Amino acid sequence: MEQHLLVFKEVAETKNITLAAKKLHMSQPSISLQIQNLENQYGARFFDRTNKGVTLTKEGKIFYAHVRSVLDILANAKEQICALAKDQRGLIYLGATLTIGEYILPNILAFLYKTHPDVDFKVKIANTESISQDVLEKKIHIGLIEGPVPQHKDLKVENFWEDELVVVIPNFHPWASRKSITLTELPHERLVTREDGSGTRKVMEMALKERGLDPDQLNVTMELGSTQAIKQLVSAGLGITIISSLTVSREVDQKIFKTLKIQEAPIYRPLSILTNARTTQTKDERILINLLHDHRLLSEVLSKDYIELEDLNKLI
């Protein structure tokens, strides 16, 4: 029966029996026969057939929704049963956007490696759109993204942190003795930013516009695709930037940078956990998600270096 349901789902999604047959490595007559058997069993016609392909009937659309649920349940059952195998290590497929992947995830993984050494991670660093699509397709079990979240009925979104975008200047800048600046002062400084289309830049521009400053007024002198490159230019005195406070915390502690708030209103963006609403997390995946929701512990983990994390682990 599961094979019949998989065939039905593939035909419904490809809208083409020939294409479904190629994807499933089956013959077209075999595909047609299995669809016919399902229709006979349920006493309904599930597809309208034309020269261009097939489309779901009203009955087919109802059946498709249930087929997806049944196959998801079976897939979850297989994952949980496999996870119980005595000789199998836990494996989490994890995705993260650039800022999280570079500045948050390393400490989290280092901490979990010490507390749960039997869990392995496969990590993909990509943009929000790519991570979201992989979560929907179940290629990634957990996605960690920053900024706006795409809307989809099969995406479950949970915020786990609020990241503040701050004005970052070198410690020798004339503003270094201050704690904040006004919006009107920003256009008078050379600004180094992420490239157009970057999530960080998009959040920055939207926030400035909401606060009454047209982003076109900014004196953008350089656009770079790497936060690390931006930090190097700012530390050399070639401009200021507006980036995540998380990405410069160490340099601030080392007195390389100074961060300033915008007086009119601080700029925050949520960091979110993405999971597929149609799947159930494993025990190991819940360990990671529970850590992300434990704000006190997560703050401790993110504030430590790797050697200090070993000492923190002894206290847990």
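Coordinates for the structure precede this section.
About the criteria used
Residues numbered from 1 in each chain as written. Predicted model: local features only at pLDDT ≥ 70, side-chain atom pairs only at ≥ 80, totals over all residues. Heavy atoms only, no water. 1 Å grid on protein atoms, 1.4 Å probe; cavity = no way out; pocket = protein on both sides within 12 Å on 5 of 7 lines; lining within 4 Å. Points joined across faces, edges and corners; volume = space filled by probe spheres on them. Helix = DSSP H or I, 4+ residues; strand = E, 2+ residues; numbered from the N terminus. Nonpolar A, V, L, I, M, F, W, Y, C, P; charged D, E, K, R; others polar. Buried < 20%, exposed > 50% of the residue type's maximum accessible area, 1.4 Å probe, protein only. Axes fitted to C-alpha atoms, helices over the stretch in contact; angles between N-to-C directions. Parallel < 35°, antiparallel > 145°, perpendicular 65-115°, else oblique. Contact = heavy atoms within 4.5 Å. Pairing = 2+ DSSP bridges.

Asks: Summarise the layout of surface pockets; cite the residues concerned and give the values.
Replies: Considering only enclosed or pocket space, the largest pocket measures out at about 650 Å³ in volume. Lining the largest pocket are 28 residues, and of these Lys9, Asp72, Leu136, Glu137 and Lys138 sit closest to its centre. Among the elements that line the lining of the largest pocket, the one with the most residues is helix 4 (residues 58-83), at 7 residues. Partitioned by chemical class, the residues of the lining of the largest pocket number 8 nonpolar, 8 polar and 12 charged.

Asks: Describe unusual backbone geometry, listing the residues and the values that go with them.
Replies: One non-glycine residue with positive phi stands out, namely Lys15, at about 60 degrees. Phi is positive for His25, close to 55 degrees, though the residue is something other than glycine. Tracing the backbone shows His25 in the loop between helix 2 (17-24) and helix 3 (28-42). Given a relative accessible area of 73%, His25 falls into the exposed group.

Asks: With reference to specific residues and values, describe the packing of helix 2 against helix 3.
Replies: Relative to each other, helix 2 and helix 3 sit at 105 degrees, their axes nearing to 9 Å. If you check the angle between helix 2 and helix 3, you find them roughly perpendicular. Residue-level contacts link Ile17, Thr18, Ala21 and Leu24 of helix 2 to Gln28, Ile31 and Ser32 of helix 3. Its residues placed into classes, the contact of helix 2 with helix 3 shows 4 nonpolar, 3 polar and no charged.

Asks: Tell me about the pairing of strand 11 (residues 257-262), and please be specific about residues and values.
Replies: Along any regular strand, the residues point their side chains to alternate faces of the sheet. Where strand 6 (residues 155-170) meets strand 11, 4 bridges bridge the pair, whose relative direction is antiparallel. Its bridge partner lying in strand 11, Val167 is registered against Leu260.

Asks: Would you mind going over empty space enclosed by the protein in detail, with residue names and values included?
Replies: It is the rolling of a water-molecule-sized probe over the atoms that shows where space remains empty. The final tally for this structure, using the stated rule, is 1 cavity of 30 Å³ or more. Considered as a void within the structure, the largest cavity measures approximately 30 Å³ in volume. Taken together, Ile92, Leu112, His116, Val119, Phe121, Asp284, Ile287 and Leu288 form the lining of the largest cavity. Counting only elements with at least two residues in the lining of the largest cavity, the list comes to strand 4 (119-125) and helix 11 (283-293). With 3 residues, the top contributor of residues to the lining of the largest cavity is helix 11. Taken together, the residues of the lining of the largest cavity sort by class into 6 nonpolar, 1 polar and 1 charged.

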